[in-house]
Amino acid sequence: MQGKFVNWQAIRSRVMVFDATLAMIMFLIMSIGIVTLYSAGMDFPGRVEGQMRNILIAFCVMWIVANIPPQTLMRFAIPIYTFGVALLIAVAVVGTVKKGARRWINIGTDVQPSEIMKIATPLMLAWYFQKREGGLRWKDFIIAAVILGVPVGLIAKQPDLGTALLVVAAGFAVIFLAGLSWRVLITLVLLVAASVPVIWPRLHGYQRDRVMTMIDPTTDPLGKGFHIIQSTIAVGSGGISGKGWQHSTQARLGFVPEQTTDFIFSVFSEEFGFVGNCVLVVLYFLLVIRGLMIAANAPTLFARLMAGSVTMIFFTYAFVNMGMVSGILPVVGVPLPFMSYGGTALVTLGMGAGILMSVQRNRKLVQS
């Protein structure tokens, strides 16, 4: 009987790895996403079924990662980072070109290695700072900048500005939480601002167009500005309470681009209005707050840095997507977390959520 009791406890400890608060927030966002996707994807058969499959895969990945202690995750930092950088180099040499971008490599199926680096880069940085805990010097931050700069440079060259931005956000969060001073941070911001005249001519033509279109989309209303104009019309036409579920005229008439993926927020805004947007923003706010709480209470530096970087990924996904759909940020192809249709990004987010739950579970084990 005692043996059966111990086995039951072991099974229960493996199953009950989820942080209830974090899981509930994610469930609510994904539920809203499925409802919106059903409406937005009526002209795209199989999208809801496909997203349910993606959610199931992401859930399995999240559960697996949540069962891996942070100390074990730390051992995989160098191999995963090295493997990811090697794949990015392979993409630059023999990658598959789609829509003018070389972002994929075929290994039986097309794989986008840049997605790996959203987790691999902060994982490597967290490992690096953990090894130097208590004796950090200025040169350590320079080395960390190189660790971050290598994958970001390779990703930006594909070109994939959206993913590069996400990797920068996650990696910089680790560097900042590791102890980067505010003086250095302000200096970096000023240097970036001062380097704009040098960086601007080096940007790809489409990247400059996106910035100029964001500033004034009416300069090319039927061309480069069409997507932003139609998206902002959809967001604004929702009014206070929205037009109602499945009554998004912009989506129904085909004016909203990528309405099931990057621009699903415009469909949601038109159908549920300002009130719906407030509910969604509050849910993302709670998601970020919960992530920060887990990071603040993490028992080790590595766990704290990883939890903080994952939280920054969640924030950056939501902020950039809502910003570009609303016309206040350039269009960079960033999905809305746990809502946009797509498997790769959802698996990445599931992996991030699994890391948060692993950190929280490890904290409880340490306290007990």
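Residues numbered from 1 in each chain as written. Predicted model: local features only at pLDDT ≥ 70, side-chain atom pairs only at ≥ 80, totals over all residues. Heavy atoms only, no water.

1. Quick notes on the overall build of the protein
- Looking only at helices and strands, one finds 16 helices and 3 strands in the protein.
- Relative to the globule expectation of 21 Å for 368 residues, the C-alpha radius of gyration of the protein, 21 Å, shows essentially globular dimensions.
- Judged by the C-alpha coordinates and their principal axes, the protein covers about 65 × 55 × 45 Å.
- The proportion of buried residues among the 368 residues of the protein is 47%.
- Counted over contacts in the protein with a minimum sequence separation of 6, partners at least 24 positions apart contribute 72%.
- Total accessible area on the protein is roughly 18,100 Å²; 70% of this is exposed by carbon and sulfur atoms.
- Of the charged side chains in the protein, 28 are positive and 15 negative; the average position of the first set lies 13 Å away from that of the second. (Helix = DSSP H or I, 4+ residues; strand = E, 2+ residues; numbered from the N terminus. Rg over C-alpha atoms; globule rule 2.2 N^0.38 Å. Buried < 20%, exposed > 50% of the residue type's maximum accessible area, 1.4 Å probe, protein only. Contact = heavy atoms within 4.5 Å. Areas by Shrake-Rupley, 256 points an atom, 1.4 Å probe, with all protein chains shown as cover. Lys, Arg positive; Asp, Glu negative; His and termini not counted. Charge placed at Lys NZ, Arg CZ, Asp CG, Glu CD.)

2. As for the packing of helix α6 (residues 114-131) against helix α7 (residues 138-156)
- Two numbers describe how α6 lies on α7: the axes approach to 11 Å, and their chain directions differ by 175°. On the basis of the axis angle, α6 is roughly antiparallel to α7. Contacts between α6 and α7 involve Ser114, Met117, Thr121, Met124, Leu125, Tyr128 and Phe129 from the former and Asp140, Phe141, Ile143, Ala144, Ile147, Leu148, Pro151 and Ile155 from the latter.
- Class assignment of the residues belonging to the contact of α6 with α7 gives a composition of 12 nonpolar, 2 polar and 1 charged. (Axes fitted to C-alpha atoms, helices over the stretch in contact; angles between N-to-C directions. Parallel < 35°, antiparallel > 145°, perpendicular 65-115°, else oblique. Nonpolar A, V, L, I, M, F, W, Y, C, P; charged D, E, K, R; others polar.)

3. Thoughts on a nonpolar patch on the surface
- Residues Val282, Phe285, Leu286, Ile289, Leu292 and Met293 make up a contiguous nonpolar surface patch of roughly 520 Å² in combined accessible area.
- On the secondary structure map, Val282 appears in helix α14 (residues 264-296). (Patch = residues over 30% accessible without salt bridge, like charges linked within 9 Å, V, L, I, M, F, W, Y side chains within 5 Å. Salt bridge = Lys/Arg side-chain N within 4 Å of Asp/Glu carboxyl O.)

4. Quick notes on the pattern of salt bridges
- With the rule as written, the count across this model stands at 4 salt bridges.
- The residue Arg132 makes a salt bridge to Asp140 at a minimum N-O spacing of 3.5 Å.
- With a relative accessible area of 5%, Asp140 lands in the buried category.

5. With respect to unusual backbone geometry
- One non-glycine residue with positive phi stands out, namely Gln246, at about 70°.
- Position of Gln246 relative to the elements: it lies in the loop between α12 (226-237) and α13 (249-252).
- Classification of Gln246 as partly exposed rests on a relative accessible area of 26%.
- With phi around 65°, Phe338 is a residue other than glycine that occupies positive phi space.
- Mapped onto the elements, Phe338 comes out in the loop between α15 (301-326) and α16 (344-367).

6. Comments concerning α12
- Here α12 contains 12 residues, and its C-alpha end-to-end distance of 16 Å stays within 8% of the 16 Å for a straight helix at 1.5 Å per residue.
- The first or second residue beyond α12 is Gly239, which carries a positive phi of 65°. (Expected span 1.5 Å × (residues − 1).)

7. So, the packing of aromatic side chains
- Per the counting criterion, the structure on display carries 6 aromatic pairs.
- Taken together, a centroid distance of 5.7 Å and an interplanar angle of 75° make the contact between Tyr128 and Phe129 edge-to-face.
- Under the relative-accessibility criterion, Tyr128 is labelled buried at 4%.
- Here Phe315 and Phe319 contribute two aromatic rings whose centre-to-centre distance is 5.6 Å and whose plane-to-plane angle is 10°, an arrangement assigned as stacked. (Phe/Tyr/Trp six-rings, centres within 6.5 Å; stacked < 30°, edge-to-face > 60°.)

8. Some remarks on the sheet that holds strand β2 (residues 101-106)
- The sheet built from 3 strands is open, its strands ordered β1-β2-β3 with antiparallel pairing. Looking at which strands have only one partner, the edges of the open sheet turn out to be β1 (96-98) and β3 (110-111).
- Bridge count between β2 and β3: 2 bridges; the pairing is antiparallel. Looking across to β3, one finds that Asn106 is bridged to Asp110.
- With respect to the sheet, helix α5 (residues 77-94) is in contact with β1 and β2, its orientation differing from that of β2 by roughly 110°. (Pairing = 2+ DSSP bridges.)

9. Regarding the layout of surface pockets
- Put simply, the second largest pocket is a space of about 1,600 Å³.
- Leu161, Leu165, Val168, Val192 and Ile199 are the residues nearest the centre of the second largest pocket, which is lined by 36 residues in total.
- Residue assignment for the lining of the second largest pocket shows that the elements contributing at least two residues are α7, α8 (161-177), α9 (182-194), α10 (196-199), α11 (205-215) and α15.
- In terms of residue count, the dominant contributor to the lining of the second largest pocket is α8 (7 residues).
- The residue inventory of the lining of the second largest pocket, partitioned by class, reads 30 nonpolar, 4 polar and 2 charged. (1 Å grid on protein atoms, 1.4 Å probe; cavity = no way out; pocket = protein on both sides within 12 Å on 5 of 7 lines; lining within 4 Å. Points joined across faces, edges and corners; volume = space filled by probe spheres on them.)

10. Some words on the side chain of Gln259
- With respect to the helices and strands, the residue Gln259 is situated in the loop between α13 and α14.
- The contact partners of Gln259, leaving out residues within four places of it in the chain, are Ala40, Phe44, Ala251, Ile264 and Val267.

11. Digging into the environment of Ala307
- Tracing the sequence through the fold places Ala307 in helix α15.
- With a relative accessible area of 0%, Ala307 lands in the buried category.
- Excluding residues within four positions of it along the chain, Ala307 makes contact with Gly291, Ile294, Ala295, Leu356 and Val359.

12. Some thoughts on the environment of Leu161
- In this structure, Leu161 sits in helix α8.
- Take Leu161: its relative accessible area is 36%, and that puts it in the partly exposed class.
- Separated by 130 residues in sequence, Leu161 and Ser31 have C-alpha atoms that sit 29 Å apart.

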